[in-house]
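What follows is each chain in one-letter form.
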Amino acid sequence: IVWNIAWVGNVSLISVLATNPEERGFLSSRRATWTSLAGVFFSYIGQPLAIYIGNTTGNEVLGYTLLAGAMAFLMMLGYYTVFKMTEGYELTGEQESERAKASPQSQKVSIRKMFESLFKNPPLIVLLAADFFRFMTFFIITAAAMFYFEYVAQNAALMRPYLLTSSIAAVLGAYMSASLIKKLTTRTTAIVGLLLTSASLIIGNYLAMDVTMFFVFAVLARLFLGLLGATLVALYTDTAVYSEWKTGENATPFVMGLMNLSLKTAIISRGTVIPIVLAAVGFVAGADPATASDALKKGIISVNMVIPGVLALIAACILALGYKLTRERVATLQEEIDAQKP
């Protein structure tokens, strides 16, 4: 819970620092790039460091606990650095109190206004639905890969190079997003990214019995998902602008925090979808990989490719048909908001 509070505060700074959709796209891209780099870094130092600390202390559980504590401490240092760097970009608590005394209309956002910022915000509702399917795509790909290498490729050692390669692809995708957002707009980049993710997975489904082809198309999908990690965050910041224009109050932290709604529900749903599909194709936990039938292999490939590919396509359709907030519209709304501020 505490981690989520800090995370929402950090991502909300994008709207505080940026003044237009292009700047928000740029900051979202850089944030997603470094987040993806952290995944690459941690994939190498995480478990070995936990094991080392556990062996040193003679307590395996303590190894993971101390690792989590050390990472939390580093996170705190990073967040404090950002906190000092961004001083002056928004009012402090004391300044807000003084402003509230001078102008009662500048009071903090009420609970009612928070809910208005959701239910009177059609672009945000559409975005939450699309983001749910995007997260589902990502989580299923991530969770199902080990079944592919265990029962289809029958070489679990390939899992590590796959994780490294796909993580690097995600970094590249996140880095590319800033340029694409500038050229295509945030909305268009998100839709194109989802369509390319879907195409990579669905095409890969027909070639994935070949391990090399699985690598190629699965890593391509991770490249485009890395692109989406930045673009969808930028879209949330745009819906925060729409919310302020619609309700008259700045509820950016609440709007950005709603990303967790799609995230958490996708995690829960993933835990349901994968077991149901695996059971349907005859998967039995603990079975010898050497006895895997062709039907089982094809079913596992479907879990890795077809299902997330269809989910990405659904997300693309939701955004294309339902999200009508254009770059030009956001810029106009921002100008109107700025004009009304004292």
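The preceding data block contains the structure.
Below: a short report on this structure.

1. Details of the overall build of the chain
Okay, so step 1: Each helix and strand in the chain was counted, giving 14 helices and zero strands.
Okay, so step 2: Secondary structure elements in the chain, listed N-terminal to C-terminal, are α-α-α-α-α-α-α-α-α-α-α-α-α-α.
Okay, so step 3: For 342 residues, the compact-globule estimate of 2.2 N^0.38 gives 20 Å, and the chain sits close to it at 22 Å.
Okay, so step 4: Along the first, second and third principal axes, the C-alpha set of the chain runs to 75 × 55 × 35 Å.
Okay, so step 5: Burial statistics for the chain: of 342 residues in total, 43% are counted as buried.
Okay, so step 6: For the chain, long-range pairs separated by at least 24 residues make up 82% of all intrachain contacts whose partners lie at least 6 apart in sequence.
Okay, so step 7: Taken as a whole, the chain presents about 17,600 Å² of accessible surface, with 67% of it coming from carbon and sulfur.
Okay, so step 8: For the chain, the centre of its 25 positive side-chain charges and the centre of its 21 negative side-chain charges are spaced 3 Å apart.

2. Quick word on helix α14 (residues 327-340)
Okay, so step 1: Between the first and last C-alpha of α14 there are 20 Å, a value that for 14 residues agrees with the 20 Å anticipated at 1.5 Å per step.
Okay, so step 2: Within the span of α14, buried status applies to V330, L333, Q334 and I337. Mapping the buried residues of α14 onto a view down its axis gives an arc of 100°, with all of them on the same face. Opposite the buried face of α14, at more than 90 degrees from it, the exposed residues are E328, E335 and A339.
Okay, so step 3: Buried positions along α14 lie against α2 (21-57) and α9 (211-247).

3. Considerations on the side chain of S262
Okay, so step 1: Relative to the helices and strands, S262 is located in helix α11 (residues 259-280).
Okay, so step 2: You can call S262 buried: its relative accessible area is 3%.
Okay, so step 3: Beyond its immediate chain neighbours, meaning those up to four positions away, S262 contacts L128, D131, F132, F135 and Y236.

4. Topic: a nonpolar patch on the surface
Okay, so step 1: On the surface, I202, I203, Y206, L207, V310 and I314 cluster together into a nonpolar patch covering about 520 Å² of accessible area.
Okay, so step 2: Broken down by secondary-structure element, the contributors of at least two residues to the nonpolar patch are α8 (186-205) and α13 (306-322).
Okay, so step 3: Position of I202 among the secondary structure elements: in helix α8.

5. Observations concerning the environment of K183
Okay, so step 1: Positionally, K183 belongs in helix α7 (residues 159-184).
Okay, so step 2: It is 9.5 Å that separates the C-alpha atoms of K183 and E22, two residues lying 161 residues apart in sequence.

6. Details of unusual backbone geometry
Okay, so step 1: Although it is not a glycine, Q154 sits at a positive phi angle of roughly 55°.
Okay, so step 2: With respect to the helices and strands, Q154 occurs in the loop between α6 (122-152) and α7.
Okay, so step 3: The residue T185 is not glycine, and still its phi comes out positive at about 80°.
Okay, so step 4: Inspection of the secondary structure puts T185 in the loop between α7 and α8.

7. Comments concerning the packing of aromatic side chains
Okay, so step 1: Following the criterion strictly, the structure yields twelve aromatic pairs and no others.
Okay, so step 2: With a centroid separation of 5.8 Å and an interplanar angle of 15°, the aromatic rings of F135 and F139 are classed as stacked. Of the two residues, F135 and F139 both sit in helix α6, four residues apart, roughly one turn of that helix. By the burial criterion, F135 is buried, and F139 matches it.
Okay, so step 3: Aromatic side chains Y148 and F149 sit 5.4 Å apart centroid to centroid with 90° between the ring planes, which places their arrangement in the edge-to-face category. For the pair Y148 and F149, one class covers both residues: buried.
Okay, so step 4: Among the aromatic side chains, those forming a connected cluster through ring pairs are Y148, F149, Y162, F214 and F215.
Okay, so step 5: A cation over an aromatic ring shows up here: R134 above the ring of F135, its NZ or CZ 4.1 Å from the ring centre.

8. Observations concerning the side chain of T33
Okay, so step 1: Mapping T33 onto the fold places it in helix α2.
Okay, so step 2: Residue contacts for T33: discarding those within four places in its chain leaves V171, A174 and Y175.

What counts and how
Residues numbered from 1 in each chain as written. Predicted model: local features only at pLDDT ≥ 70, side-chain atom pairs only at ≥ 80, totals over all residues. Heavy atoms only, no water. Helix = DSSP H or I, 4+ residues; strand = E, 2+ residues; numbered from the N terminus. Rg over C-alpha atoms; globule rule 2.2 N^0.38 Å. Buried < 20%, exposed > 50% of the residue type's maximum accessible area, 1.4 Å probe, protein only. Contact = heavy atoms within 4.5 Å. Areas by Shrake-Rupley, 256 points an atom, 1.4 Å probe, with all protein chains shown as cover. Lys, Arg positive; Asp, Glu negative; His and termini not counted. Charge placed at Lys NZ, Arg CZ, Asp CG, Glu CD. Expected span 1.5 Å × (residues − 1). Arc of directions from axis to C-beta. Patch = residues over 30% accessible without salt bridge, like charges linked within 9 Å, V, L, I, M, F, W, Y side chains within 5 Å. Salt bridge = Lys/Arg side-chain N within 4 Å of Asp/Glu carboxyl O. Phe/Tyr/Trp six-rings, centres within 6.5 Å; stacked < 30°, edge-to-face > 60°. Lys NZ or Arg CZ within 6 Å of the ring centre and 35° of its normal.

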